[in-house]
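Given next are the chains, with one letter for each unit.
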Amino acid sequence: MALARKGSRRIVVDGVEYRWRVGRRHLCCDYEGSTLGYVAEAAVGPGSTLVVETGRPALVGPRPLPEEVVLPREVAAGIRAARARGWTPGADGSPFRLSFSPGADDGSGARADYGRGREVSEE
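Residues numbered from 1 in each chain as written. Predicted model: local features only at pLDDT ≥ 70, side-chain atom pairs only at ≥ 80, totals over all residues. Heavy atoms only, no water.

Asks: Explanation requested: the overall build of the chain in the structure shown.
Replies: Tallying secondary structure elements over the chain gives one helix and seven strands in all. Relative to its full complement of 123 residues, the chain shows a buried share of 40%. On the chain, roughly 7600 Å² of surface is accessible, and the fraction owed to carbon and sulfur atoms is 52%. (Helix = DSSP H or I, 4+ residues; strand = E, 2+ residues; numbered from the N terminus. Buried < 20%, exposed > 50% of the residue type's maximum accessible area, 1.4 Å probe, protein only. Areas by Shrake-Rupley, 256 points an atom, 1.4 Å probe, with all protein chains shown as cover.)

Structure follows, in structure tokens:
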């Protein structure tokens, strides 16, 4: 599934251009237990998307905006972590899922899941 250009932001990580946006499902309601996340993909050509769960609560304030934001440096770190764990943005396939534990800003608490069934853990 391709990321819509409208509403997405451009980021260049290690010389490669990507597009990203905060995941829509995290902005609709204040569900207990839901986390703030974002999706990214290579800016050119088809390929698999990256879905990142930050591990931080997705609380929505009185306005329809999240109370916490995802910064571009966090997106760049997520893209680098996913690439190190086997995400190939130019290859077709299921979305590559990456989850961060709360407080794991350096990516040390990340767990990757590529498609259904293949899971990689960092210990």
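Asks: Help me out: how do you make sense of the side chain of Glu-41 in this one?
Replies: Within the element layout of this structure, Glu-41 appears in strand E3 (residues 35-42). In terms of polar contacts, Glu-41 uses its side chain to reach the side chain of Arg-19, at 2.4 Å. (Polar contact = N/O pair within 3.5 Å; in protein donor to acceptor, adjacent residues only side chain to side chain.)

Asks: Honestly, the packing of aromatic side chains in this entry has me stumped. Any pointers?
Replies: Between two aromatic rings, the relevant description is the distance of the centres plus the angle of the planes. Under the criterion given, the structure shown has two aromatic pairs. Between Trp-20 and Tyr-38, the aromatic rings sit 6.2 Å apart at their centres with planes inclined by 75 degrees, giving edge-to-face as the arrangement. With Trp-20 in strand E2 (residues 16-22) and Tyr-38 in strand E3, this pair connects stretches of sequence that are 18 residues apart. Taken as a pair, Trp-20 and Tyr-38 share a single burial class, namely buried. (Phe/Tyr/Trp six-rings, centres within 6.5 Å; stacked < 30°, edge-to-face > 60°.)

Asks: Help me out: how do you make sense of the pattern of salt bridges in this one?
Replies: Proximity of charged atoms lets side chains of opposite charge pair with each other. One pass over the structure, following the stated rule, counts three salt bridges. Salt-bridge contacts for Asp-14 lead to Arg-80; the nearest nitrogen and oxygen are separated by 3.3 Å. One end of the pair, Asp-14, is in the loop between strand E1 (9-13) and E2; the other, Arg-80, is in helix H1 (residues 72-84), with 66 residues separating them in the sequence. The partner of Arg-19 in a salt bridge is Glu-41, and the shortest N-O contact between them spans 2.4 Å. Of this pair, Arg-19 sits in strand E2 while Glu-41 sits in strand E3, placing them 22 residues apart in sequence. By the burial criterion, Arg-19 is buried, and Glu-41 matches it. (Salt bridge = Lys/Arg side-chain N within 4 Å of Asp/Glu carboxyl O.)

Asks: Explain the environment of Ala-43 here, please?
Replies: By secondary structure assignment, the location of Ala-43 is in the loop between E3 and strand E4 (50-57). Ala-43 sits in the buried class, given a relative accessible area of 10%.

Asks: When you look at the nonpolar core in this model, what are you seeing that I'm missing?
Replies: One broad rule of soluble globular proteins: the nonpolar side chains tend to lie buried together. Ile-11, Trp-20, Leu-50, Val-75, Ile-79, Trp-87 and Leu-98 are the most contacted members of the largest nonpolar core, which has 20 residues in total. The element best represented in this core is H1, accounting for five residues. (Core = buried A, V, L, I, M, F, W, Y, C linked by side-chain atoms within 4.5 Å.)

Asks: I'm lost on the pairing of E3 in this one. Help?
Replies: Each regular strand shows side chains that alternate between the opposite faces of the sheet. Most of E3 is tucked away: eight of the eight residues are buried. Of the pairings in the sheet, the one linking E2 to E3 comprises five bridges and is antiparallel in character. Bridge pairing in E3 links Val-22 to Tyr-38. Inspection of the sheet shows E3 paired to E4 by five bridges, in the antiparallel sense. Opposite Gly-37, over in E4, you have Glu-53 as the bridge partner. (Pairing = 2+ DSSP bridges.)

Asks: Is there a simple way to explain H1 in this structure?
Replies: Because each turn of an α-helix spans 3.6 residues, side chains separated by three or four positions end up pointing in the same direction. With 13 residues, H1 extends 18 Å between its outermost C-alpha atoms, agreeing within 8% with the 18 Å of an ideal straight helix rising 1.5 Å per residue. Listed as buried for H1 are Val-75, Ala-76, Gly-78, Ile-79, Ala-81 and Ala-82. Its buried side turned inward, H1 meets E1, E2, E3, E4 and strand E5 (96-100). Of the residues flanking the end of H1, it is Gly-86, one or two places downstream, whose phi is positive at about 110 degrees. (Expected span 1.5 Å × (residues − 1). Contact = heavy atoms within 4.5 Å.)

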